[in-house]
Amino acid sequence: MKRFGLHAGLWLAVALILLPPLWVLRTSLVPESMAYSTDVFPAFSLENYQGLFGQKHFGSFYLNSIIVSLGSVILAMPFAAAMGYAFARFQTGGRFGRFLVLSLQMLPPVALVLPAFAILRTVGLTQSLTGLTIVYAALNMPFLAWILMGFFEGIPVDLEWAAMTDGTTAWGAFWRIVVPVSLPGLAAAGVLGFILSWNEFLFALVLTGSKTATIPVALASLQSSNGIQIGKVSAGVVLAILPLIIASRFIQRFIVQGLTFGSVK
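Residue numbers here run from 1 along each chain, matching the order of that chain's written sequence. Reporting of local features is limited, given that this is a predicted model, to residues whose pLDDT is at least 70; pairs of side-chain atoms are given and counted only at 80 or more, and all residues count toward the totals for whole chains, interfaces and linings. Side-chain descriptors were evaluated using all non-hydrogen atoms of the structure, hydrogens and water having been removed beforehand.

Draft legend 1. A look at the side chain of Thr 212. Helix and strand assignments come from DSSP, with helices taken as H or I runs of at least 4 residues and strands as E runs of at least 2, each series counted from the N terminus. Within the secondary structure, Thr 212 sits in the loop between helix 10 (202–207) and helix 11 (215–220). Between N or O atoms, a polar contact is any pair within 3.5 Å; within protein, one atom must be a potential hydrogen donor and the other a potential acceptor, and residues adjacent in sequence are included only when both atoms are from side chains. Within the structure, Thr 212 has its side chain in polar contact with the backbone oxygen of Gln 127 (distance 3.4 Å). Looking at Thr 212, its side chain comes within polar contact range of the main-chain nitrogen of Gly 209, at 2.8 Å. Working rule for contacts: check all heavy atoms of both residues, and any pair within 4.5 Å makes them a contact. Among residues more than four places away in sequence, those in contact with Thr 212 are Asn 64, Gln 127, Ser 128 and Leu 129.

Structure, rendered in structure tokens:
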């Protein structure tokens, strides 16, 4: 009886976790007029998805999010890796330097968005994907550096000493030894950076225009004076989480290795 109660509790917890996303999926596949129906699946329709890509040009916003998220990770990772390695191996900046980097993540976004807008306006990069990519890379770099620092600390320093004994420099040991060994950690950090950029809303709202908006901004625009277009919003949410699910599925092994890599020496 005790085992049955335990299994029932686990199934209840699973149902509570899965019910909201499954209901969003259900809402995206029924006509807008039946979105608030209490029936589990009153009818099947793709009109919400057709409306997104036909009337709302959701495909261009989708592409914008992919470009900005991938670009910000590619731009930030080399600098974050070098910064994390400097903290892990050479204690650059000491404890104060580490705390200073981490404290940058504690600033509220609303305190940074106006200075970022002023800088981009000065260089002519407002309402552009390039400007938003640079901002996301700068915002994510301290977080990625802090994560990678833990991964680098988990790599035995003897490997680098052996490489330098053979004649390579400290920089060469980093790129030839540390980076290949820490690929799982780099993959995990890259995925987390991609997720942060993909879900960010405030900077995308202020720094982009009607043609350079990202998915969060596009979904917010579906709320009008006539109410929320719940069917299209649900369809957009389903499409928005697909890249995250696919990325997690294909590199799940690297994420698990990466998240546990820095905690084991």
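Draft legend 2. Region of interest: the packing of helix 8 (residues 170–181) against helix 9 (residues 183–199). For the pair helix 8 and helix 9, the least separation of the axes is 4 Å and the interaxial angle reads 65°. Our classification of the angle between helix 8 and helix 9 gives roughly perpendicular. Packed against helix 8, whose contacting residues are Val 179, Pro 180 and Val 181, the element helix 9 presents Leu 183, Pro 184 and Leu 186 at the interface. Residue polarity is assigned by list, with Asp, Glu, Lys and Arg as charged and Ala, Val, Leu, Ile, Met, Phe, Trp, Tyr, Cys and Pro as nonpolar; anything else, Gly included, falls into the polar class. Residues that form the contact of helix 8 with helix 9 fall into these classes: six nonpolar, no polar and no charged. Comment: axis = line fitted to C-alpha atoms, over the contacting stretch for helices; angle = value between 0 and 180 degrees taken between N-to-C directions. Under this scheme an angle from 65 to 115 degrees is roughly perpendicular, one under 35 degrees roughly parallel, and one over 145 degrees roughly antiparallel; angles in between are oblique.

Draft legend 3. Just the layout of surface pockets, in detail. Buriedness of a pocket was judged along seven lines, with at least five required to meet protein on both sides within 12 Å; pockets are open sets of points on a 1 Å grid over the protein atoms alone, cavities are sets where a 1.4 Å probe fits but cannot get out, and lining residues have an atom within 4 Å of a point. Grid points are joined across faces, edges and corners, and a volume is the space filled by probe spheres set on the points. Here the largest pocket defines a volume of roughly 310 Å³. Taken together, 14 residues make up the lining of the largest pocket; nearest its centre are Gln 105, Leu 112, Leu 139, Asn 140 and Phe 203. Among the secondary structure elements, those contributing two or more residues to the lining of the largest pocket are helix 5 (109–123), helix 6 (129–153) and helix 9. It is helix 6 that provides the largest number of residues to the lining of the largest pocket, a total of five residues. Partitioned by chemical class, the residues of the lining of the largest pocket number 10 nonpolar, three polar and one charged. Size it by volume and the second largest pocket reaches roughly 210 Å³. Of all the elements in the fold, those that place two or more residues in the lining of the second largest pocket are helix 5 and helix 6. Looking at side-chain class alone, the lining of the second largest pocket contains 11 nonpolar, no polar and no charged residues.

Draft legend 4. Region of the structure containing unusual backbone geometry. Residues other than glycine seldom take positive phi values, yet Gln 127 does so here, at roughly 55°. One can find Gln 127 in the loop between helix 5 and helix 6.

Draft legend 5. Layout of the side chain of Glu 160. Looking at the element boundaries, Glu 160 is found in helix 7 (residues 158–165). One polar contact links Glu 160 to Tyr 85, side chain to side chain, over a distance of 2.3 Å. At a separation of 2.7 Å, a polar atom in the side chain of Glu 160 contacts the side chain of Arg 89. Discounting residues that sit within four places of it in the chain, Glu 160 has contacts with Tyr 85, Arg 89, Ala 173 and Val 178.

Draft legend 6. Representation of the packing of aromatic side chains. Note on ring pairs: Phe, Tyr and Trp rings are taken, using the six-membered ring of Trp, and paired if centres are within 6.5 Å. Classes follow the plane angle, with under 30 degrees stacked, over 60 edge-to-face and the rest tilted. Enumeration according to the criterion identifies 12 aromatic pairs in this entry. Taking the centre distance of 5.9 Å and the plane angle of 85° together, the rings of Tyr 85 and Phe 152 count as edge-to-face. Taken together, the residues span a long stretch of sequence, with Tyr 85 in helix 3 (residues 58–90) and Phe 152 in helix 6 at a distance of 67 residues. Partly exposed residues are those whose accessible area sits between 20% and 50% of the maximum for their type, while under 20% is buried and over 50% is exposed, using a 1.4 Å probe and protein chains only. For Phe 152, a relative accessible area of 1% gives the class buried. Here the aromatic cluster, defined as three or more aromatic residues joined through ring pairs, consists of Tyr 85, Phe 90, Phe 152, Trp 171, Phe 174 and Trp 175. We call a charge positioned above a ring when the Lys NZ or Arg CZ atom is no farther than 6 Å from the ring centre and deviates by at most 35 degrees from the ring normal. The aromatic ring of Trp 23 is capped on one face by Arg 26, whose charged end is 4.3 Å from the ring centroid.

Draft legend 7. Broad picture of the pattern of salt bridges. Throughout this description, the term salt bridge denotes a Lys or Arg side-chain nitrogen within 4 Å of a carboxyl oxygen of Asp or Glu. Applying the stated criterion across every chain yields a total of one salt bridge. Between Arg 89 and Glu 160 there is a salt bridge, with its nearest N and O atoms 2.7 Å apart. With Arg 89 in helix 3 and Glu 160 in helix 7, this pair connects stretches of sequence that are 71 residues apart. Comparing Arg 89 with Glu 160, the two get one shared label, buried.

Draft legend 8. Region of the structure containing a nonpolar patch on the surface. A grouping of Trp 11, Val 14, Ile 17, Leu 18, Leu 22 and Leu 25 is seen on the molecular surface, where their side chains present a nonpolar patch of about 620 Å² in accessible area. With respect to the element layout, Ile 17 can be found in helix 1 (residues 2–28). Given the relative accessible area of 60%, Ile 17 is considered exposed. A patch consists of residues exposed above 30% relative accessible area that lack any salt bridge, with like charges linked at up to 9 Å and nonpolar side chains (Val, Leu, Ile, Met, Phe, Trp, Tyr) linked at up to 5 Å. Only the protein chains shown count as cover for residues, and the accessible areas themselves come from Shrake-Rupley with a 1.4 Å probe.

Draft legend 9. Structural context of the environment of Pro 42. Considering the arrangement of structural elements, one finds Pro 42 in the loop between helix 1 and helix 2 (47–54). Residues Pro 42 and Thr 122, spaced 80 residues apart in sequence, show a C-alpha to C-alpha distance of 53 Å. Setting aside anything within four residues of it in sequence, one finds Pro 42 in contact with Arg 26, Val 30, Met 34 and Ser 37.

Draft legend 10. Broad picture of helix 6. Spanning 25 residues, helix 6 covers 35 Å between terminal C-alpha atoms, matching the ideal 36 Å at 1.5 Å per step. Its maximal kink placed at Met 141, helix 6 deviates by approximately 40°, while the proline Pro 142 follows within four residues. Multiply 1.5 Å by the residue count of a helix minus one, and that product is the helix's expected span. A residue's bend is given by the angle between axes fitted to the 7 residues ending at it and the 7 residues starting at it.

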